[in-house]
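# Per-entry structural report
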Amino acid sequence: MVNQTSSLSEVEEEESILWEKIESARHQLTRSLNPAKLTPYLRQCRVIDEQDEEEVLSAYRFPCKSNRTGLLMDILRSRGRRGYEAFLESLEFYYPEHFTQLTGKQPVQRCSMILDEEGPEGLTQFLMMEVKKARAQRKGYLAKEHQLQVKNQALQEEVTQLKQQLQGLQKVQERCRRFQEDWDSNSMELLRLKDENYMLAMRYAQLCEEKNAAVLRSRDLQLGVDQLKCKVSSLEEECSVLKKQASKAPQREAEEHGMADTISEMQAENQRLIASLQELQNVVQRQRFFQKSLVGQPPETAEQKMLVG
C-alpha cells in the first residue's frame, strides 16, 4: 500500500514537472496555437469529449483565441498524464517547432495514442480526414491565390492607367505653369503700359494747357499787331497831310523848318513802330511754330499773310 502511494506521488510529481514546462511557455503557446486545429486530434485520442470541444471553441464565452487556448490547456492538465501526452502529440503533429522547444526532441509523428485507442483503422480514418482537410485548405489557398493574381493583374492595369493619368496631369501642370508665367509677365507688362499711358495722359493734358495758353497769347499778339497797324496808318495819313501843307505854303520856311523837325520826329516814331511791328510779327511766327510742334498742324496761311502785310 505504501509502495502504491509513493508511486502515485511520484507520478503526480512527474506530471507537475511536465506541466511546469508547458506553463513556462504558456504565454507564447496561447498566442500562437489555434485550438480549433488541435481539438479534432484530441477528440480522436479520446482525451476531450464533444462538450469540452464546444466549450473551448465557444466564441461567445471566449472571443479571444488566446483565452480559448488557455482553457484547452487547463482541461488537458485536468486529464493527467494522458492529457499531457495527447497535447505533446498534437503539437508534434501540427506545431513541430513548439514540440521541439518543449521537449528538445525532433518530431516523429507516431500518433501512438490514436493507435492505442482506436487501432490502425482509427488512425487511417484520422489521417484521411486530415488529408481531406489539407486538400480543402490547398484548394482554398489555390482559389485565394488565383483571386490574388486576378486582383494583382487588375491592380497592375490600374497602376498603368494611373501612371498614364499622372503623365497627363504632369503635362497639364507644366502647361499651367507656363500659362502662369505668361500671365505674370503679361500682368507686369500691363502695369507698365498703364503707368506709361497715365504719364502720356498727364503730358497730353499739360500740352493742351500750353496750347490753350499759346492760343490766347497769339490772340493778344494779333490784337496788338492790329492796333499798331492802325496807329501806323494814322501816322502815315498825318505825314501825307503835312507834306501837302508844306508844298502849298513855300513862304512859311520858318515854319517848315520847325515842321521838318516834327516830320523827322514822326518818321523816327514811324521807324520805331515799324520795328516794334516786325518784332511782334516774329513773336507771332514763333508762337505759330510752337503750336505746330504741339498739335502737329501747320499754322493758317491766311493769318501769316495778314501778319506779313
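Residues numbered from 1 in each chain as written. Predicted model: local features only at pLDDT ≥ 70, side-chain atom pairs only at ≥ 80, totals over all residues. Heavy atoms only, no water.

Quick look at the overall build of the protein chain now. Along the protein chain, the regular secondary structure elements total ten helices and zero strands. Secondary structure elements of the protein chain, listed N to C terminal, follow the sequence α-α-α-α-α-α-α-α-α-α. Here the protein chain holds 309 residues, and the buried ones make up 25% of them. At a minimum sequence separation of 6, the contacts of the protein chain that also span at least 24 residues come to 68%. (Helix = DSSP H or I, 4+ residues; strand = E, 2+ residues; numbered from the N terminus. Buried < 20%, exposed > 50% of the residue type's maximum accessible area, 1.4 Å probe, protein only. Contact = heavy atoms within 4.5 Å.)

Let's shift gears to the packing of aromatic side chains. Evaluated as defined, the whole model comprises three aromatic pairs. Plain terms: the ring middles of Trp19 and Tyr84 are 6.0 Å apart, the flat faces sit at 70 degrees to each other, and that makes the pair edge-to-face. Pair noted here: Trp19 is in helix 1 (residues 2-24) and Tyr84 is in helix 6 (residues 81-94), with a separation of 65 residues, a long-range link. Ring centres of Tyr41 and Tyr94 lie 6.4 Å apart, and the angle between their planes is 85 degrees; on these two criteria the pair is classed as edge-to-face. Residue Tyr41 is found in helix 3 (residues 35-44), and its partner Tyr94 is found in helix 6; the two are separated by 53 residues along the sequence. Overall, Tyr41 belongs to the buried group, its relative accessible area being 0%. Here Lys37 stacks its cationic end above the ring of Tyr95, 5.4 Å away from the centre of that ring. (Phe/Tyr/Trp six-rings, centres within 6.5 Å; stacked < 30°, edge-to-face > 60°. Lys NZ or Arg CZ within 6 Å of the ring centre and 35° of its normal.)

Before going further, it helps to spend a moment on the environment of Leu102. With respect to the helices and strands, Leu102 occurs in helix 7 (residues 96-103). Given the relative accessible area of 14%, Leu102 is considered buried. In this structure the C-alpha to C-alpha distance between Leu102 and Leu18, which are 84 residues apart in sequence, comes to 9.4 Å.

To continue, consider the nonpolar core. Ile22, Leu29, Leu38, Leu76, Phe87 and Leu91 are the most contacted members of the largest nonpolar core, which has 29 residues in total. For this core, the secondary structure elements donating two or more residues are helix 1, helix 3, helix 5 (65-78), helix 6 and helix 7. The element best represented in this core is helix 6, accounting for seven residues. Among residues more than four places away in sequence, those in contact with Ile22 are Leu29, Met73, Tyr84, Phe87 and Leu102. Ranked by size, the runner-up nonpolar core spans ten residues in total, among them Val225, Leu235, Ile263 and Leu273. (Core = buried A, V, L, I, M, F, W, Y, C linked by side-chain atoms within 4.5 Å.)

This part is about the confidence of the model for the protein chain. For the protein chain, mean pLDDT is 78; residues scoring 70 or higher make up 76% of the total. Within the model, pLDDT remains below 50 along residues 297-309, and this stretch shows 16 contacts once partners closer than five positions in the same chain are excluded. (pLDDT = per-residue confidence, 0-100.)

Right, let's get into a nonpolar patch on the surface. A cluster of nonpolar side chains, contributed by Tyr198, Met199 and Met202, occupies part of the molecular surface with about 360 Å² of accessible area. Note on placement: Tyr198 falls in helix 8 (residues 112-248). (Patch = residues over 30% accessible without salt bridge, like charges linked within 9 Å, V, L, I, M, F, W, Y side chains within 5 Å. Areas by Shrake-Rupley, 256 points an atom, 1.4 Å probe, with all protein chains shown as cover. Salt bridge = Lys/Arg side-chain N within 4 Å of Asp/Glu carboxyl O.)

Running from N to C, helix 3 and helix 6 point in directions that differ by 125 degrees, and their axes come no closer than 10 Å. Here helix 6 runs oblique to helix 3, going by the angle between their axes. Here the hand of the crossing between helix 3 and helix 6 comes out right-handed. In this structure, helix 3 uses Lys37, Leu38, Tyr41 and Leu42 to contact helix 6, whose residues at the interface are Ala86, Phe87, Glu89, Ser90 and Tyr94. In terms of residue class, the contact of helix 3 with helix 6 is made up of six nonpolar, one polar and two charged. (Axes fitted to C-alpha atoms, helices over the stretch in contact; angles between N-to-C directions. Parallel < 35°, antiparallel > 145°, perpendicular 65-115°, else oblique. Left-handed = near helix turned anticlockwise from the far one by under 90°. Nonpolar A, V, L, I, M, F, W, Y, C, P; charged D, E, K, R; others polar.)

Every α-helix carries 3.6 residues per turn, so stepping three or four residues along brings you back to the same face. With 14 residues, helix 6 should reach 20 Å at 1.5 Å per residue; the first-to-last C-alpha distance of 20 Å fits that figure. Burial within helix 6 is extensive, with eleven of its 14 residues counted as buried. Turning to helix 6, its buried residues number three or more, namely Gly83, Tyr84, Ala86, Phe87, Leu88, Glu89, Ser90, Leu91, Glu92, Phe93 and Tyr94. (Expected span 1.5 Å × (residues − 1).)

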